[in-house]
Amino acid sequence: MTEFSERVEQVSISGIREVFEAAGEDAINLGLGQPDFPTPRHAREAAVEAIESGAADGYTSNKGTYELREALSAKYGRDYDLDLDPEQFIATAGGSEALHIAMEAHVDHGQEVVFPDPGFVAYDALTRLAGGDPKPVPLREDLTLDPAAVEEAITDDTAAFVVNSPGNPTGAVSSEEDVREFARIADEHDVLCISDEVYEHIVFEGEHRSPMEFADSDNVVVVGACSKSYSMTGWRLGWITGATRRIERMLRVHQYVQACASAPAQYAAEAAISGDQTVVDEMVQTFRERRDLLLSGLDDIGIEVPTPHGAFYAMPKVPEGFVDECIERGVVVVPGEAFGEHGAGYARISYATATEEIEEALEIMAEAYDAVQ
Ligand SMILES: Cc1ncc(COP(=O)(O)O)c(C=O)c1O
């Protein structure tokens, strides 16, 4: 008899937290995966009002309030010209739960899931928890995911492939050509594409496109969240959208693990999604300025990095020992191997932190770089 399931024994807690702890309290943290802005006031106020009035006291429909799903339906019309019915959405506990229910509903024991490496830590873990086999694929030199590499990794046993643009940990944004290719692969190989678009609004150059815009089949599901776009990581509010038959299967998982997303958070999300979007534009502008500051600072040090066009991460190749030197000197960056085997030799630097801290961190990174040369 085993004490724990084989599946759970195969996953471990993400190494990122350990890095934070090693650095101590006074460290400058360039390891964070969340915006450092307040949640928009109108979103907070909508939640307060729902709490005060008692509207958020009870369970909502399993899928989430109709009003939130209507707001989501309008959003996909506005942003992508997609005609999605409110019934085609499930509000989830962040993008994380959306990824989880997508995997549980589509991946059978022993089936494979293809995903980017380096990539967001959950893809590997959630594949294993669903009983599947992770199939990480390395990225191109510019850190984008190559559709040809994805296509090559697909076999008869592949249940799904995950794409993530703008990407964590890379900040890379897939071109429209690549996104069209992902849609074609989903169609032609009759395999599910799970498109993780939680950074959809944080794009500096070019335009974020979704494979759902281009697929002819219903083989694309899209994961979204308020977490990054509206600086709402603590609210735990995301969603998944796709074909009705897929939503119906994912709802079976969601119903039993979650019942419904937090009701106050749903009210806040509805306000954030349907309210004034200039707060998002302002945040993106600030991220752009910080990115430029970080890139020119890294360039001065002599650290090369593919220009990240979205999210709030840069992922340079760094010399051996650099990450440890930074941490020892009080700057937290995350070692690339935390995001997969092919992340080795890289570091993820988040610029979701104040300009002054980035400036100070750059000075320390320069010293750390000299120390390991
Ligand atoms: C690529 C990616 N997908 C999904 C998530 C999960 O987001 P949430 O906080 O909404 O669960 C994150 C969070 O860091 C992420 O970076």
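Because the structure is predicted, anything quoted here is derived from the model rather than measured.

Draft legend 1. Examining the overall build of the protein chain more closely. Secondary structure summary: the protein chain contains 13 helices and 12 strands in total. At 20 Å, the protein chain has a C-alpha radius of gyration in line with the 21 Å of a compact globule built from 373 residues. Partitioning the intrachain contacts of the protein chain with sequence separation of at least 6 by distance along the chain shows that 76% fall at a separation of at least 24. Taking the average location of the 26 positive side-chain charges in the protein chain and that of its 71 negative ones, the two points are 5 Å from each other.

Draft legend 2. Representation of the sheet that holds strand β5 (residues 158-164). Taken together, seven strands build an open sheet; the order of strands is β2-β8-β7-β6-β5-β3-β4 and the sheet is mixed. At either end of the open sheet lies a strand with only one pairing partner, and these are β2 (89-92) and β4 (133-138). Adjacent strand axes in the sheet meet at a mean angle of 20°, parallel and antiparallel pairs treated alike. Sheet topology places strand β3 (residues 112-117) next to β4; six bridges connect them, and they run parallel. Considered in β4, the bridge of Val114 is made with Lys135.

Draft legend 3. Spatial organisation of the packing of aromatic side chains. For the coordinates displayed, the defined rule picks out 12 aromatic pairs. A ring pair is formed by Tyr76 and Phe89, whose centres lie 5.7 Å apart and whose planes are at 45°; its orientation type is tilted. With Tyr76 in helix α4 (residues 66-80) and Phe89 in strand β2, the pair connects residues that are 13 residues apart, well separated along the chain. For Phe89, a relative accessible area of 0% translates into the label buried.

Draft legend 4. Layout of the pattern of salt bridges. Taken as a whole and assessed by the stated rule, the structure comprises 25 salt bridges. Across the pair Glu45 and Arg41 runs a salt bridge, and its minimum N-O distance is 3.8 Å. Of the two residues, Glu45 and Arg41 are both situated in helix α3 (residues 41-53); the distance of four residues between them amounts to about one turn of the helix. When its relative accessible area of 42% is taken as the criterion, Glu45 is described as partly exposed.

Draft legend 5. Looking closely at the site of the ligand. Near the ligand lie 14 residues; those nearest to it are Gly95, Ser96, Asp196, Ser227 and Lys228. Here an oxygen atom of the ligand sits 2.8 Å away from a polar atom, N or O, in the side chain of Asn168. In this structure, Lys228 approaches the ligand through a side-chain N or O atom, which is 2.6 Å from an oxygen atom. Protein burial of the ligand: of its 400 Å² of free accessible surface, 92% is covered by the chains. A total of three residues in the shell around the ligand trace back to one element, the largest contributor, which is helix α5 (residues 94-106).

Draft legend 6. Representation of the domain arrangement of the protein chain in the model. Domain boundaries in the protein chain define domain 1 (6-38 + 278-372) and domain 2 (41-274). Using C-alpha coordinates to define each centre, domain 1 is positioned 25 Å away from domain 2. Taken together, the contact between domain 1 and domain 2 spans 36 residues of the former and 34 residues of the latter. Of the roughly 3,000 Å² buried between domain 1 and domain 2 on both sides combined, carbon and sulfur atoms contribute 61%. For domain 1, the biggest contributors to the area lost against domain 2 are His309, Phe339 and His342; these three give 18% of the whole. Across the contact surface, domain 1 and domain 2 share two salt bridges. Across the pair Arg291 and Glu205 runs a salt bridge, and its minimum N-O distance is 2.7 Å. Seen at the junction of domain 1 and domain 2, the total is 18 residue pairs in polar contact (both at pLDDT 80 or more). Listing elements by their share of the side of domain 1 that touches domain 2, those giving two or more residues are α1 (6-9), α11 (278-301) and β9 (313-314). Split into classes, the residues belonging to the side of domain 1 that touches domain 2 amount to 21 nonpolar, nine polar and six charged.

Conventions adopted
- What you see as residue numbers is a count from 1 along each chain, following the sequence as written.
- Local features in this predicted model are restricted to residues whose pLDDT is 70 or higher, and side-chain atom pairs enter the listing and the counts only when it is 80 or higher, whereas totals over whole chains, interfaces and linings include all residues.
- Side-chain calculation: all heavy atoms of the structure are included, whereas hydrogens and water are not.
- Helix and strand labels come from DSSP, where a helix needs a run of H or I of at least four residues and a strand needs a run of E of at least two; each type is numbered from the N terminus.
- A radius of gyration in this sense is built from C-alpha atoms; the matching globule rule multiplies 2.2 Å by the number of residues raised to 0.38.
- Note on contacts: a residue pair is in contact if any heavy atoms of the two residues lie within 4.5 Å.
- Counting rule for charge: Lys and Arg are taken as positive, Asp and Glu as negative, and neither His nor the chain ends is counted.
- Charged groups are reduced to one reference atom each: NZ for lysine, CZ for arginine, CG for aspartic acid, CD for glutamic acid.
- When DSSP finds two or more bridges between a pair of strands, those strands are recorded as paired.
- Every axis corresponds to a line fitted to the C-alpha atoms, with the helix fit spanning only the stretch in contact, and the corresponding angles, defined between N-to-C directions, vary from 0 to 180 degrees.
- Any two rings among Phe, Tyr and Trp, with Trp reduced to its six-membered ring, count as a pair given centres within 6.5 Å; such a pair is stacked if its planes are under 30 degrees apart, edge-to-face if over 60, and tilted if neither.
- For the exposure calls, accessible area comes from a 1.4 Å probe over protein chains only, and a residue counts as buried if that area is under 20% of its type's maximum, exposed if over 50%, partly exposed in between.
- When a carboxyl oxygen of Asp or Glu lies within 4 Å of a side-chain nitrogen of Lys or Arg, that pair is called a salt bridge.
- Residue proximity to a molecule or strand is established when one non-hydrogen atom of the residue lies within 4 Å of it.
- Polar contacts, as counted here, are pairs of nitrogen or oxygen atoms within 3.5 Å of one another; within protein the pair requires one atom able to donate a hydrogen and one able to accept it, and residues that are adjacent in sequence qualify only if both atoms are side-chain atoms.
- To measure how exposed things are, a 1.4 Å probe is used in the Shrake-Rupley method; for residues, cover is taken only from the protein chains shown.
- Residue ranges labeled as domains rest on an automatic or database domain assignment.
- Here's the idea: put two parts together, see how much 1.4 Å probe accessible area each one loses, and the total over both is what we call buried area.
- By the convention adopted, Pro, Cys, Tyr, Trp, Phe, Met, Ile, Leu, Val and Ala count as nonpolar, Lys, Arg, Asp and Glu as charged, and the other residues, Gly among them, as polar.

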